[in-house]
Amino acid sequence: MADLSKYLPLSQRRVGDESGANSNWRDYLATTLTASANLLAGLTAEQWESSSLCKGWRVRDVAGHIVWRVGSSNRELVSTATRAYFGHFINPNRAIDVLSRAAAEATPAELVAQIRQIAASKAAGYGRHGITELTEAVVHGLDLAHPLGLTLPVAPTVSGAVALRQSLIAPTAIKAILRVRTLVATDADWCVGRGPELLGTAEAHLLFLFGRPGGLLARSL
C-alpha cells in the first residue's frame, strides 16, 4: 500500500526524514475542480436542482459552495463569513449555508465558468492550494456527482491523502470504527484504520469517512 503520510503537513506525519514534505496540492486541486466543472457542464436543468449528498443542499448549492469556499481569498473568506454570521446566527454553519446559497444563484453556465477559472488560478499558483482546499474540492465534488450516478475522477494519491487526513480528525464515532476495521481502497492502493480489512472503492470509503450516505462501511455494520 502507498505511504500516504508523506503528503500530510509536518505536524501530522510520522517522526523521521522531513525532506520530502510538500503541502502544495495545486495541480491535483486544479484537476479535481476541472473534473467537477466538466460534470456540471453536462447536467440538465432538473439535475442542477436535484438533491446532493449535503443535507438540504441542491447540486446547485454545492457548486456555489465550491465557488465561495475554494475560490475566495483568505481575506474574502473571513470578511464574508463574519458579515454573514455577526448578529444573525448562533451556529456559524448557517452563515456558510447562506453564503453558499448566495453564490449558487448564478446561472449554471456562470457557475461552471467560475469553477474553471478557480481551477486555472490554482494551477497558476494563486491562492490557497493545501490539503484543506483539496479536501473541499474532493468531498463536494462527490456530493454533487454521487447522487446523480456520475463518477468524479480522483487520483489515488488524492483520495488516499484526503482519507488519511480525515481519519485523523474525524468525529469520535468514526475514529472508533477505524480502531477496529481497516478500510482498503481496492481501486486506489491505500488503506486507513486497523483490524479486519473491509474492501471497497475509494469513493465508498470517502463517503463513509465524511458521514455521507452511500458509504460501504455504513451499509456493512
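A few points on the structure.

Reading the values: the criteria
- Residues numbered from 1 in each chain as written.
- Predicted model: local features only at pLDDT ≥ 70, side-chain atom pairs only at ≥ 80, totals over all residues.
- Heavy atoms only, no water.
- Buried < 20%, exposed > 50% of the residue type's maximum accessible area, 1.4 Å probe, protein only.
- Helix = DSSP H or I, 4+ residues; strand = E, 2+ residues; numbered from the N terminus.
- Pairing = 2+ DSSP bridges.
- Expected span 1.5 Å × (residues − 1).
- Arc of directions from axis to C-beta.

## Thoughts on the pairing of strand β3 (residues 197-200)
With burial as the criterion, only one face of β3 is covered, namely that bearing Leu198 and Gly200; the residues Glu197 and Leu199 on the opposite face remain uncovered. Looking at chain direction, strand β1 (residues 182-185) and β3 are connected through four bridges and run parallel. Bridged to Ala185 within β3 is Gly200.

## Quick word on helix α6 (residues 108-123)
With 16 residues, α6 should reach 22 Å at 1.5 Å per residue; the first-to-last C-alpha distance of 23 Å fits that figure. When we look at burial in α6, the residues that qualify are Leu111, Val112, Ile115, Ile118, Ala119 and Lys122. Summarising the axial view, the buried residues of α6 lie within an arc of 120°, below the 170-degree limit, and thus occupy one face. Exposed side chains of α6 directed beyond 90 degrees from the buried face belong to Ala109 and Gln117. Just downstream of α6 lies Gly125, where phi reads positive at about 95°.

## So, unusual backbone geometry
Phi is positive for Asp189, which is not a glycine, with a value near 55°. Residue placement: Asp189 occurs in the loop between β1 and β2 (190-193).

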